[in-house]
Amino acid sequence: MISVYPEYSAVDNNPLSLYVMHPFWNTVVKIFPTWLAPNLITFCGFLLLVFNFFLMAYFDPDFYASAPDHVHVPNKLWVIVGLLNFIAYTLDGVDGKQARRTKSSTPLGELFDHGLDSWACMFFVVTVYSTFGRGSNGVSVFVLYLLLWVVLFSFILSHWEKYNTGILFLPWGYDISQVTISIVYIVTSIVGVEAWYEPFLFNILYRDLFTTMIIGCALTVTLPMSLHNYYKAYSNKTLKHDSFYEAMLPFLSPVLLFILCTVWIFQSPSDILEVHPRLFYFMVGTAFANISQQLPTPISLDTSNSNEEACHAMDSIIQDELLGAENLEAATTLLQPSGDTTGTNMPSWLVCATGNTSAILAPQKRPRTQEARLENDPVPYPGKHEYCIPLLKDFGGKSGRESSQLRNGPQP
């Protein structure tokens, strides 16, 4: 299921982000040429995290390298990992600025960015685990598994806010954690992993500080802020969903994944988490990233764009998501406001080739052939023999043929 709102809104009030990182990113983005695609920047940053993950997998496959009496990861490697982690974090902050700078912001770019972010949660959590490991001075693989889920649910929480309020409140924990992790890597390269064996304060070990920071940030910052923002939207009567089921829907799949994975851990005859912890974490992170992109999270459509940009944006939404439904009535239901079964409240910028919502409500069965591309016919999309074309009625009221030309060029 997918929900579509007419414009994108995000709030970032983290002091570290506002007063330190954003000025830094505003400077960095000027280095990139305007022809460089924002999605390429996003992807390059993600690949750096993947590289760090597999680099540590080579030198610390089972998370014992930081334990006493084991061969440690070379100190110089921690410098590389720290720098690459910070560069990846920087690219993640710059990609959106590059998109706005080049006026190439699209719903697909937003989805791509959030999709990689959801997967990246696993990579940076598992990579930083190697600084402590699971030896006598580290944490167990099951504790790390639980900490990973704390991070994953924190990620879902911010998108749960957006799903219900229409506004993405950027979590404070992300910026703080990325800067802290990069510093930890650099410090480790200087003092070595042995420094983490010593108590941090009194008898509190660094591993305990690591665990407390992740859980504490989630419970004292991320969760309260999310609930506060939800309550504000409820008080202002701006919530997007009224029923409890619809409001909590984004949590359904992640909770199910957590339950199934946890049952697998305890019921595994081969003790899979102890034997293959890194592979298991990778599986959890990959499955989470996959289902997080299937959630009914709002995809933005910037209505200030040109007709052509908006048509392309809606094309991707219709083709990739809506027409996967059994028929156009089902697809229409996905776009209707809650409780609207007639289509009378259909967004005015979504109409079919005839220029009205009734064409959407009536399923059309046509053979999937090129001959269907006639002047007054809906433009065919692949899938289930149903065809619909989004026209932006509020953007000049183009006819079906004119809108088709916007996407495909003049037709004979």
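Structure first, text after, so check above.
Residues numbered from 1 in each chain as written. Predicted model: local features only at pLDDT ≥ 70, side-chain atom pairs only at ≥ 80, totals over all residues. Heavy atoms only, no water.

Asks: Before we move on, can you summarise the overall build of the protein chain with the specific residues and values?
Replies: Summing up its helical and strand segments, the protein chain has 14 helices and six strands in all. Restricting to contacts in the protein chain with at least 6 residues of sequence separation, those with at least 24 account for 77%. Split by element, the accessible area of the protein chain, about 20,000 Å² in all, is 65% carbon and sulfur. (Helix = DSSP H or I, 4+ residues; strand = E, 2+ residues; numbered from the N terminus. Contact = heavy atoms within 4.5 Å. Areas by Shrake-Rupley, 256 points an atom, 1.4 Å probe, with all protein chains shown as cover.)

Asks: Give a description of the nonpolar core that names residues and reports values.
Replies: By size, the foremost hydrophobic cluster in this structure holds 56 residues, and its most contacted members are Tyr 145, Phe 280, Tyr 281 and Val 284. Per-element accounting of this core gives the leading share, 12 residues, to helix α5 (residues 141-165). Val 284 has contacts with Tyr 145, Leu 148, Trp 149, Leu 152, Leu 257 and Cys 261, leaving out every residue within four places of it along the chain. Membership of the second largest hydrophobic core comes to 10 residues, among which are Phe 32, Tyr 89, Leu 91 and Val 94. (Core = buried A, V, L, I, M, F, W, Y, C linked by side-chain atoms within 4.5 Å. Buried < 20%, exposed > 50% of the residue type's maximum accessible area, 1.4 Å probe, protein only.)

Asks: Account for the environment of Gln 98, naming residues and giving values.
Replies: Here Gln 98 is to be found in helix α3 (residues 75-101). For the pair Gln 98 and Leu 36, spaced 62 residues apart in sequence, the C-alpha to C-alpha distance is 8.2 Å. In contact with Gln 98, other than residues within four places in its own chain, are Val 29, Phe 32, Pro 33, Thr 34, Leu 36, Pro 38, Ile 41 and Ser 104.

Asks: Tell me about the environment of His 276, and name the residues and values.
Replies: Mapping His 276 onto the fold places it in the loop between α9 (272-275) and α10 (277-292). The spatial distance from the C-alpha of His 276 to the C-alpha of Pro 61 is 8.9 Å, given a sequence separation of 215 residues.

Asks: Give a detailed account of the pattern of salt bridges, specifying residues and quantitative values.
Replies: Tallied over the entire structure, the rule returns three salt bridges. One salt bridge connects Lys 162 with Glu 110, and the closest N-O pair in it is separated by 2.2 Å. On the criterion of sequence distance, the pair formed by Lys 162 in helix α5 and Glu 110 in helix α4 (residues 107-129) is long-range, its members being 52 residues apart. Residue Arg 134 is joined to Glu 274 by a salt bridge in which the shortest nitrogen-to-oxygen separation is 3.1 Å. Taken together, the residues span a long stretch of sequence, with Arg 134 in the loop between α4 and α5 and Glu 274 in helix α9 at a distance of 140 residues. Judged by its relative accessible area of 12%, Arg 134 is buried. (Salt bridge = Lys/Arg side-chain N within 4 Å of Asp/Glu carboxyl O.)

Asks: So what about unusual backbone geometry? Which residues, and what values?
Replies: Backbone geometry at Lys 103 places phi at a positive 55°, although glycine is not the residue there. As for its placement among the helices and strands, Lys 103 is situated in the loop between α3 and α4. Given the relative accessible area of 70%, Lys 103 is considered exposed. For Phe 202, which is not a glycine, the phi torsion comes out positive at approximately 55°. Along the polypeptide, Phe 202 turns up in the loop between β4 (199-201) and β5 (204-205).

Asks: Would you mind going over the packing of α3 against α4 in detail, with residue names and values included?
Replies: Interaxial distance between α3 and α4 falls to 13 Å at its minimum, and their mutual angle equals 160°. Between α3 and α4, the crossing angle belongs to the class labelled roughly antiparallel. Here α3 runs over α4; the crossing is left-handed. For the pair α3 and α4, the contacting residues are Val 81, Asn 85, Asp 92 and Asp 95 in the first and Asp 113, Asp 117, Phe 124 and Thr 127 in the second. Here the contact of α3 with α4 is composed, by residue class, of two nonpolar, two polar and four charged. (Axes fitted to C-alpha atoms, helices over the stretch in contact; angles between N-to-C directions. Parallel < 35°, antiparallel > 145°, perpendicular 65-115°, else oblique. Left-handed = near helix turned anticlockwise from the far one by under 90°. Nonpolar A, V, L, I, M, F, W, Y, C, P; charged D, E, K, R; others polar.)

Asks: An account of the side chain of Asn 52 is requested, with residue identities and associated values reported.
Replies: Take Asn 52: it is sitting in helix α2 (residues 38-59). Look at Asn 52 and you get buried, because its relative accessible area is 1%. Excluding anything up to four places from it in sequence, Asn 52 contacts Val 81, Leu 84, Asn 85 and Thr 127.

Asks: Provide a residue-level description of the side chain of His 114, including the pertinent values.
Replies: Tracing the backbone shows His 114 in helix α4. Contacts of His 114, omitting those with residues within four sequence positions, involve Phe 155, His 159, Leu 168 and Gln 293.

Asks: Tell me about the packing of α4 against α10, and name the residues and values.
Replies: For the pair α4 and α10, interaxial distance at closest approach is 7 Å and the crossing angle is 160°. With respect to α10, the axis of α4 lies roughly antiparallel. Crossing angle aside, the handedness with which α4 passes α10 is right-handed. Where α4 abuts α10, its residues Gly 115, Ser 118, Trp 119, Met 122, Phe 123, Val 126 and Tyr 129 lie against Arg 278, Tyr 281, Phe 282, Gly 285, Thr 286, Phe 288, Ala 289 and Ser 292.

Asks: Any chance you could break down helix α7 (residues 206-235) for me, citing the residues and the numbers?
Replies: The end-to-end C-alpha separation of α7 is 42 Å, in line with the 44 Å expected for 30 residues at 1.5 Å each. By the largest-angle criterion, Ala 218 marks the main kink of α7, which is about 35°. For α7, the complete set of buried residues consists of Phe 210, Thr 211, Ile 214, Ala 218, Thr 222, Ser 226, Asn 229 and Ala 233. Buried residues belonging to α7 abut α4, α5 and β3 (168-169). (Expected span 1.5 Å × (residues − 1). Bend = angle between axes of the 7 residues up to and from the residue.)

Asks: With reference to specific residues and values, describe a nonpolar patch on the surface.
Replies: Together, Ile 183, Val 187, Ile 190 and Val 191 make up a nonpolar patch on the protein surface, roughly 350 Å² of accessible area in all. Its location among the elements puts Val 191 in helix α6 (residues 172-191). In this structure Val 191 comes out as partly exposed when scored by relative accessible area, which is 44%. (Patch = residues over 30% accessible without salt bridge, like charges linked within 9 Å, V, L, I, M, F, W, Y side chains within 5 Å.)

The analysis is restricted to geometry; functional conclusions fall outside its scope.
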